Amino acid sequence: MKIAILGAMVEEITPILARVQIQKEHEIGHNRYYEACYKNLELVIAYSKIGKVNAALSASVMFLHFGAQKLIFSGVAGGIAESLKVGDLVVADKLCQHDVDITAFGHPFGFIPETTLFYEADSGLNVLAINAAKSCNLRFQIGTIATGDQFIASPERKNWVAKQFNAIALEMEGAAVAAICAALGKPFCVLRAISDAADADANVSFDTFLEKSARESADLLFLMLEQM
Ligand code: OS5
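All figures in this text were calculated on a predicted structure; none of them were measured in a lab. (Residues numbered from 1 in each chain as written. Predicted model: local features only at pLDDT ≥ 70, side-chain atom pairs only at ≥ 80, totals over all residues. Heavy atoms only, no water.)

Before going further, it helps to spend a moment on the overall build of the protein. The helix and strand tally for the protein stands at six helices and ten strands. Computed over C-alpha atoms, the radius of gyration of the protein comes to 16 Å, within 12% of the 17 Å expected from 2.2 N^0.38 for 228 residues, which places it in the range of a compact globule. Looking at the protein residue by residue over its 228 residues, the buried ones come to 52%. As presented, the protein carries roughly 10,100 Å² of accessible surface, and 52% of it is formed by carbon and sulfur atoms. Once the 19 positive and 26 negative side-chain charges of the protein are each reduced to a mean point, those two points are 5 Å apart. (Helix = DSSP H or I, 4+ residues; strand = E, 2+ residues; numbered from the N terminus. Rg over C-alpha atoms; globule rule 2.2 N^0.38 Å. Buried < 20%, exposed > 50% of the residue type's maximum accessible area, 1.4 Å probe, protein only. Areas by Shrake-Rupley, 256 points an atom, 1.4 Å probe, with all protein chains shown as cover. Lys, Arg positive; Asp, Glu negative; His and termini not counted. Charge placed at Lys NZ, Arg CZ, Asp CG, Glu CD.)

In structure tokens:
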């Protein structure tokens, strides 16, 4: 059973690579993929680069080239819910694309014909994540993550996403990975730790907390891997 571990930025996988045994490195489509072992688990690890297209490419390569059977995304996110503080963990129960707009044809925001508005994460993987978070008394929330090719640093846009999709956090890759997993019939989960509040100071908060929050998410990932 090979598990794909994906982040978007190098900072999101650095704390993961530090804790596994790397066996082989591959360069495919301008991305580096690490075949690695953790205890008795076979892993393929990569960072995709930022955004939906890059994330979709990496997820596809991990399944179709490396033969991964499930995927765990680990990284950081902008918080929407007031109660989410920097460093808190979010486990996505479903994900959507907040930047999709073909409403001119009568479709709801986020909807693409022949696909689905919300992609559901695997309940088995989520149970592992939630139990791990609970057992270590970590601050976490389960809810909808909204994805789009925009770094959100605006209360207006954040509030629009919150209202439109009932999302608790936002980022730039999760729903793209979810769409690939749905198309290929692969279970997945998305773990994120909050780096900023997607408000006017989001860029400063993001730069300050990227590494620390990426580590929080990676720590939850390893608690999950211990149970697999
Ligand atoms: O991957 C992107 C999405 N991530 C989650 C996230 C987020 N998404 C949307 N809105 C928010 N408020 C969010 N908060 C957290 C994080 C990441 C955001 S895009 C950050 C880009 C930062 C950057 N740009 N250039 N560099 C860094 C330098 C650089 C140089 C060479 C190679 C790579 C980067």
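Approximately 240 Å³ is the volume found for the largest pocket. Val76, Phe151, Glu171, Met172 and Phe206 are, among the 18 residues lining the largest pocket, the residues nearest its centre. Listing elements by their share of the lining of the largest pocket, those giving two or more residues are β5 (70–79), β9 (167–171) and β10 (188–196). Its residues placed into classes, the lining of the largest pocket shows ten nonpolar, three polar and five charged. (1 Å grid on protein atoms, 1.4 Å probe; cavity = no way out; pocket = protein on both sides within 12 Å on 5 of 7 lines; lining within 4 Å. Points joined across faces, edges and corners; volume = space filled by probe spheres on them. Nonpolar A, V, L, I, M, F, W, Y, C, P; charged D, E, K, R; others polar.)

A positive phi angle is found at Lys49, which is not glycine, with a value near 85°. Inspection of the secondary structure puts Lys49 in the loop between β4 (41–47) and α2 (52–64). The backbone phi angle of Asn137 is positive, close to 55°, even though this residue is not glycine. Tracing the backbone shows Asn137 in the loop between α3 (123–135) and β8 (140–147). A relative accessible area of 72% places Asn137 in the exposed class.

Attention shifts here to the pairing of strand β2 (residues 21–28). Note on strand geometry: in a regular strand, side chains alternate between the two faces of the sheet. Pairing analysis gives seven bridges linking β2 to strand β3 (residues 31–38), with the strands arranged antiparallel. In the strand pairing of β3, Lys24 is matched with Glu35. Taken together, β2 and the strand that follows it, β3, pair antiparallel across an intervening segment of two residues, in which Gly29 is found at a positive phi of about 55°. (Pairing = 2+ DSSP bridges.)

Around the ligand sit 18 residues, and of these Val76, Gly78, Ile152, Glu173 and Asp196 come closest. In the model, a nitrogen atom of the ligand is placed 2.8 Å from a nitrogen or oxygen of the Ile152 main chain. A distance of 2.6 Å separates a nitrogen atom of the ligand from a polar side-chain atom of Asp196. Contact with the protein chains hides 61% of the accessible area of the ligand, taken as 730 Å² for the molecule alone. Cavity membership is defined here by more than half of the atoms lying within 2 Å of grid points; on that basis the ligand lies in the largest pocket. Mapped onto the shell around the ligand, the elements with two or more residues apiece are β5, β9 and β10. Classifying every residue of the shell around the ligand gives eleven nonpolar, three polar and four charged. (Near = heavy atom within 4 Å. Polar contact = N/O pair within 3.5 Å; in protein donor to acceptor, adjacent residues only side chain to side chain. Sits in = over half its atoms within 2 Å of the grid points.)

The next thing to look at is the packing of α3 against helix α6 (residues 202–226). Helix packing for two helices is described by the angle between their axes and how far apart those axes are. Put simply, α3 and α6 touch, their axes get as near as 9 Å, and they point 110° apart. Classified by the interaxial angle, the pair formed by α3 and α6 is roughly perpendicular. By crossing handedness, the relation of α3 to α6 is classed as right-handed. Contacts between α3 and α6 involve Leu125, Leu128, Ala129, Ala132 and Ala133 from the first element and Leu220, Leu223 and Met224 from the second. A per-class count over the contact of α3 with α6 returns eight nonpolar, no polar and no charged. (Axes fitted to C-alpha atoms, helices over the stretch in contact; angles between N-to-C directions. Parallel < 35°, antiparallel > 145°, perpendicular 65-115°, else oblique. Left-handed = near helix turned anticlockwise from the far one by under 90°. Contact = heavy atoms within 4.5 Å.)

Here α3 is 13 residues long and its end C-alpha atoms lie 18 Å apart, about the 18 Å a rise of 1.5 Å per residue gives. All of the buried residues along α3 are Leu125, Asn126, Ala129, Ile130, Ala132 and Ala133. In a view along the axis of α3, the buried residues occupy a sector of 160°, so they form one face of it. More than 90 degrees from the buried face of α3, the exposed residues found are Ser123, Lys134 and Ser135. Its buried side turned inward, α3 meets β5, β6 (89–97), β8, β10 and α6. Of the residues that open α3, the one with a side-chain oxygen 3.2 Å from the backbone nitrogen of Gly124 is Asp122. (Expected span 1.5 Å × (residues − 1). Arc of directions from axis to C-beta.)

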